[in-house]
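Spelled out, the chains give:
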Number of protein chains: 2
Amino acid sequence: MPTSPTRDLIIEKADALFYEGGFEATSFADIAAIVGISRGNFYHHFKTKDEILDAVISRRMTRTRATLEDWEIEDERPRYRILSFVHMVIANQTEIMAFGCPVGTLCSELAKLDHVSKGRAADIFSLFRDWLAGQFRALGAGDRADDLALHILGWSQGVAVLASAFHDEAFIRREVIGITTWLDSLPNLSHHN
Amino acid sequence: MPTSPTRDLIIEKADALFYEGGFEATSFADIAAIVGISRGNFYHHFKTKDEILDAVISRRMTRTRATLEDWEIEDERPRYRILSFVHMVIANQTEIMAFGCPVGTLCSELAKLDHVSKGRAADIFSLFRDWLAGQFRALGAGDRADDLALHILGWSQGVAVLASAFHDEAFIRREVIGITTWLDSLPNLSHHN
DNA sequence: GTCTATAGCCGGATAGAC
DNA sequence: GTCTATCCGGCTATAGAC
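Residues numbered from 1 in each chain as written. Chains lettered and ligands numbered in written order. Predicted model: local features only at pLDDT ≥ 70, side-chain atom pairs only at ≥ 80, totals over all residues. Heavy atoms only, no water.

Describe the protein's contact with DNA strand D, naming the residues involved and giving the relevant values.
Around DNA strand D, the surrounding shell holds 14 residues, and the nearest of these are A:Phe28, A:Tyr43, B:Ser38, B:Asn41 and B:His45. Backbone sugar and phosphate groups make up 63% of those atoms of DNA strand D lying within 4 Å of the protein. Measuring from a base nitrogen of DNA strand D, one finds a side-chain N or O atom of A:Tyr43 at 3.1 Å. Between DNA strand D and B:His45 there is a distance of 3.0 Å, counted from a phosphate oxygen to a side-chain nitrogen or oxygen. Secondary-structure elements contributing two or more residues to the surface near DNA strand D are α3 (39–45) of chain A together with α3 (39–45) of chain B. Residue composition of the surface near DNA strand D, by class: three nonpolar, 10 polar and one charged. (Near = heavy atom within 4 Å. Polar contact = N/O pair within 3.5 Å; in protein donor to acceptor, adjacent residues only side chain to side chain. Helix = DSSP H or I, 4+ residues; strand = E, 2+ residues; numbered from the N terminus. Nonpolar A, V, L, I, M, F, W, Y, C, P; charged D, E, K, R; others polar.)

So, the protein's contact with DNA strand C: which residues are in play, and what are the values?
Around DNA strand C, 14 residues are found, and the nearest of them are A:Ser38, A:Asn41, B:Phe28, B:Tyr43 and B:Lys49. Here the atoms of DNA strand C within 4 Å of the protein split so that 63% fall in sugar or phosphate, with bases taking the remainder. B:Tyr43 is positioned with one of its side-chain polar atoms (N or O) 2.9 Å from a base nitrogen of DNA strand C. At 3.0 Å, a backbone N or O of B:Lys49 approaches a phosphate oxygen of DNA strand C. Elements supplying a minimum of two residues to the surface near DNA strand C: α3 of chain A together with α3 of chain B. In the surface near DNA strand C, the residues fall into three nonpolar, 10 polar and one charged.

Please provide a residue-by-residue account of a negative patch on the surface, values included.
On the surface, A:Glu69, A:Asp70, A:Glu72 and A:Glu74 cluster together into a patch of negative charge. In this structure, A:Asp70 sits in helix α4 (residues 49–74). (Patch = residues over 30% accessible without salt bridge, like charges linked within 9 Å, V, L, I, M, F, W, Y side chains within 5 Å. Areas by Shrake-Rupley, 256 points an atom, 1.4 Å probe, with all protein chains shown as cover. Salt bridge = Lys/Arg side-chain N within 4 Å of Asp/Glu carboxyl O. Lys, Arg positive; Asp, Glu negative; His and termini not counted. Charge placed at Lys NZ, Arg CZ, Asp CG, Glu CD.)

Describe the side chain of A:Glu175, and please don't skip the residues or the numbers.
For A:Glu175, the location among the structural elements is in helix α11 (residues 169–185). Buried within the structure, A:Glu175 lacks any salt-bridge partner; A:Arg174 is the closest side chain of opposite charge, at an N-O distance of 5.3 Å. Here A:Trp155 takes part through its side chain, which lies 2.7 Å from a polar atom of the side chain of A:Glu175. Excluding residues within four positions of it along the chain, A:Glu175 makes contact with A:Trp155, A:Val159 and B:His151. (Buried < 20%, exposed > 50% of the residue type's maximum accessible area, 1.4 Å probe, protein only. Contact = heavy atoms within 4.5 Å.)

Explain the pattern of salt bridges residue by residue, including any values.
Under the defined criterion, the tally for this structure stands at 18 salt bridges over all chains. Across the pair B:Asp114 and B:Lys118 runs a salt bridge, and its minimum N-O distance is 2.9 Å. Taking the relative accessible area as the measure of exposure, B:Lys118 reaches 31% and is therefore partly exposed. Taking the shortest distance from any N to any O, the salt bridge between B:Arg129 and B:Asp146 comes out at 2.8 Å. Separated by 17 residues along the polypeptide, B:Arg129 in helix α9 (residues 118–138) and B:Asp146 in helix α10 (residues 145–166) bring together distant segments of the chain. A relative accessible area of 14% places B:Arg129 in the buried class. A single salt-bridge network, built from bridges that share partners, covers A:Asp15, A:Arg59 and A:Arg60.

Give me the packing of aromatic side chains: which residues, what numbers.
Counted under the stated rule, the structure contains 23 aromatic pairs over all chains. Relative to A:Phe99, the ring of A:Tyr19 lies with its centre 5.5 Å away and its plane at 70°, an arrangement referred to as edge-to-face. Here A:Tyr19 is found in helix α1 (residues 5–21), whereas its partner A:Phe99 is found in helix α7 (residues 93–99), with 80 residues between them in sequence. Between the aromatic rings of A:Phe28 and A:Tyr43, the centroid separation amounts to 5.0 Å while the plane-to-plane angle is 40°, which identifies the pairing as tilted. One end of the pair, A:Phe28, is in helix α2 (residues 28–35); the other, A:Tyr43, is in helix α3, with 15 residues separating them in the sequence. Given the relative accessible area of 12%, A:Phe28 is considered buried. An aromatic cluster is present here, built from A:Phe136, A:Trp155, A:Trp182, B:Phe136, B:Trp155 and B:Trp182 joined pairwise through their rings. Over the ring of B:Phe166 we find A:Arg129, and its NZ or CZ is 4.7 Å from the ring centre. Directly above the aromatic system of B:Tyr80 lies the positively charged group of B:Arg79, at a separation of 5.1 Å from the ring centroid. (Phe/Tyr/Trp six-rings, centres within 6.5 Å; stacked < 30°, edge-to-face > 60°. Lys NZ or Arg CZ within 6 Å of the ring centre and 35° of its normal.)

This is the structure:
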């Protein structure tokens, strides 16, 4: 896969525009205008709009992996690693209240479009899911680890959807406290990690 | 507001198409084709696409109110009324796994489009929210009633998002059991209603 | 690698006959 | 109330000059 500064800039700007305005509603002209190139030049880098989407998803996958690694480096205790995930909804609350979760809303849109890349979008969710399951396993959750991972992933998605619909910061904070309490109350898991 | 069989049919079909394919991705031609009328005739009933969206949201509001009334008639015990809400995600699991929640996905899309009707879409959520809060008040939740309503609404939204991303029926069932258990474990609430 | 110009299509919206 | 015909604009995508 070729790489160039212009290409990278296109992907970066497209990523933001797809998040803020949706994939379908974002046109080549929109991206070209923000990047500062002509529409014609665009096609030197990407032949179709789907190719850009693919590159955007790949970018998000790479960045997600990097974030997960950062969280692992920041704290070796699984409980705090999981809380790093949970606190994302507070760290990004302004964007979430405006545009929802970038992963959840992309999956929802691509599902309705029945787009070929809808599975790849869900793969971003899987990165979080598998990583969270790993942390729950480290906490001694055993076979329940994946269920717990899915549960906390879904919880955060619900927070994002309602935060966007109601623009309610207090709700976000309450739910984050709720998740933290839930985490500490899990039976048979160590409360000291 | 005028009413006619054709107009009603347009709204009904548009409602389904907006849900299954998204608002923006659904064209006048798509709706006209399914309704069985010409595009020109369309404009006799609706002057703009936004007018159709408005009518669709109104239809959903009306139908939601009717559903809430049905749940009240079916059982006078608040706990079972709340469970009627919760079991929607199982009753509609096929559609939810394919297209997500009709309310949540519409709110997400309109938020990104910064559409004038995004607030009206969120009003559908408010119908559920206020009704649920009423049930929690009847359970003796007092000031916490609205928080609990938002919590369970968000929970169901998270289930819908992940059910659609992962197409996982077992996950839906587990979460419904989880909500039921949570409901029964709420402190200071009667467990017999 | 970047540009201009343009093709070709489909979107929403309108006019006017029947 | 329903139709056909049509306009206009924006969209994706292409061709070809520089």
